Amino acid sequence: MTEVNNEENKIIKPDYCDPELFCTALPKEVPRMNNIIQKFYDWAQANSLWLLAFGTGCGSIEMRPLYTARYDISRYGIAPRPTPRQSNLFIISGYVSVKTLKRIIRSYEQMQNPKFVIGLGSCTINGGMYWDSYNTINRLDHYIPVDVYVAGCMPRPEALIAGFDELKKRIKEGRGEGANEYAKNFAWYKANQKKIIKDWDMPDYNW
Amino acid sequence: MDNFWTTLLYAFLSMFLIFNYGMLLGGVVYKIIARVHGRFGPPVWQPYVNLVKVMGVRTAISHGIMFWLGPVFRFAGGIGLFLFMPVVFGSVWMQNFSFSGDLLLVIYFIFFGQLGMALGAAESGHPYSPMGIMRGLAQVTVSEVPFALAVIALAAQHGTLSITEIVAAQQGGIANWNMITNPVATLAGMMAFLGMMMHAPFNLHLAPQEIPVGPPTEYHSNFLGYMQANRAFFASAKLILFMNLFFGGATNIPVLVGKTFTLYMFAVFVGVVNPRFTLENSIRWFIRIPTATGIIAVLLYTF
């Protein structure tokens, strides 16, 4: 296993990365079309949000009631998907420890453009009650682009549904461009991530 | 059938109809399952929105030629199954190419898509994909056993493998349906039907809680779009097949809709009130009662 140079800000292909399974290309921006078809796609994106059901922190306990009869998010066209490839919405539910950040980055990068992120709970905004913890990050949008924050500790499922509404509004207005933002400022995001993750044992970009 | 282009046009027309029927059927089923859970559920047009959404995804990752071909095989399997069956008996434009294929070809097409998909998903390199495939193929294979036995019994009863002739033999009232004239084969066939319709208790390979969505774990964007479109074709084509084999076929579109919808509801209702079988349980279940019923159905026509 070769050492990965964290100081230099460029894509490095470690020896243990099978070239058939990992990609060394940088993410590319895919510009929006400026026409009615794009508006139609935006509408479909907003009304068919598939969320990656990956609970990163304690906030995920508030996501479970969303699927049940009491809150039933399926009536808004929102459905949980177990694989990042198929999801277009990533809910970071609560505090992000250094260990989880690694998984969040890998999952986020596997999602396809366009993709959206909701930061759930105060911990994603400023660290919340863990702001001075030795192993949690404080501000999520230094590491991945965030579309909507839902503040609270813990926010109720109703607050999360309000967050979904806000996200839908953003997508329909054509402002849900987190994936392109990530590709555009890739070097900055990667540098921030590497400042936190010391044992960087994965490709720099996981698609 | 004298003009090839007319046949082709009719085939496209019936494909368009059946695609929309399948999509709406999917939406209605989501709604019904949600109501059984005490939820409102997504709107009935949600499958269309999902399809537009996945087709509108801007990037797609291919893992190689076979990965790319997987959904194509799957789609070809669904359309092939549909195109070689008479959809509405006696109708000129809903006959498809039923004159050029028989039951054996149709059974082959049920499996064809799954195998192509298996090759494609395996190339994705995701460890969950081959696990899902293994489970999916085991499930399909084991439910084909009673189905094949039921088909053999039907072929022995009618002396033909042509679906059109089997449907023709059932015309003239409910007393002529295979459901009445060959109840044992129908019983075996309907138990196999439960295993083929991808609803609980036989949908372990697609269960999101088990292995992330089974074989399509790595499929996304347009690839997934083709699979979703295929699901609409495939589900309706299987319903039409069972309607043709056991329930007298259809002579007009309202009858077609009524019969296929009722048939689907059988699988859906069994699904919503039952938990999932593990694969081992599912295989054990299929090789006991359904297979025994199928063997009895065949034996009845042997002696």
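An account of the accompanying structure is given in this report. (Residues numbered from 1 in each chain as written. Chains lettered and ligands numbered in written order. Predicted model: local features only at pLDDT ≥ 70, side-chain atom pairs only at ≥ 80, totals over all residues. Heavy atoms only, no water.)

Aromatic ring pairs: the centre-centre distance and the angle between the two ring planes describe each pair. For the structure shown, the criterion picks out 30 aromatic pairs over all chains. A centroid spacing of 4.9 Å and a plane angle of 65° characterise the contact between Phe193(B) and Phe242(B), whose relative ring orientation is edge-to-face. Here Phe242(B) lies in helix α9 (residues 221-246) and Phe193(B) lies in helix α8 (residues 183-196), a separation of 49 residues in the sequence. No difference in accessibility class separates Phe193(B) from Phe242(B), as the two residues are buried. Lying over the aromatic face of Trp50(A), Arg81(A) brings its terminal NZ or CZ to 4.6 Å of the ring centre. We note Lys194(A) situated over the ring of Trp200(A); from NZ or CZ to the ring centre the distance is 5.2 Å. (Phe/Tyr/Trp six-rings, centres within 6.5 Å; stacked < 30°, edge-to-face > 60°. Helix = DSSP H or I, 4+ residues; strand = E, 2+ residues; numbered from the N terminus. Buried < 20%, exposed > 50% of the residue type's maximum accessible area, 1.4 Å probe, protein only. Lys NZ or Arg CZ within 6 Å of the ring centre and 35° of its normal.)

A cis amide bond, omega 0°, links Asn113(A) with the succeeding residue Pro114(A). Cys153(A) connects to Met154(A) through a cis peptide bond whose omega is -10°. Tracing the backbone through its elements, the reader meets Met154(A) in the loop between β5 (148-150) and α4 (157-172). Not every positive phi belongs to a glycine, and Met198(B) is a case in point at roughly 60°. One can find Met198(B) in the loop between α8 and α9. For Ser221(B), which is not glycine, the phi torsion reads 45° and is therefore positive. Along the chain, Ser221(B) turns up in helix α9.

Time to look at the pattern of salt bridges. Per the stated rule, a full pass over the model turns up 13 salt bridges over all chains. One salt bridge in this structure joins Arg32(A) and Glu177(A), with 3.3 Å as the shortest N-O distance. With a gap of 145 residues between them, Arg32(A) in the segment before α1 (36-47) and Glu177(A) in the loop between α4 and α5 (178-184) connect regions that are remote in the sequence. The exposure class of Arg32(A) is partly exposed, given its relative accessible area of 31%. When its relative accessible area of 16% is taken as the criterion, Glu177(A) is described as buried. In this structure, the salt-bridge partner of Glu109(A) is Lys190(A), at a minimum N-O distance of 2.7 Å. With a gap of 81 residues between them, Glu109(A) in helix α2 (residues 98-110) and Lys190(A) in helix α6 (residues 186-196) connect regions that are remote in the sequence. Overlapping salt bridges bring together Arg32(A), Asp42(A), Glu177(A) and Arg58(B) as one network. (Salt bridge = Lys/Arg side-chain N within 4 Å of Asp/Glu carboxyl O.)

Residues and elements named next belong to chain A. Summarising the element assignment, Arg175 is placed in the loop between α4 and α5. Separated by 111 residues in the primary sequence, Arg175 and Arg64 have C-alpha atoms spaced 28 Å apart. The residues touching Arg175, leaving out its near neighbours within four places in the chain, are Asp147 and Arg170. (Contact = heavy atoms within 4.5 Å.)

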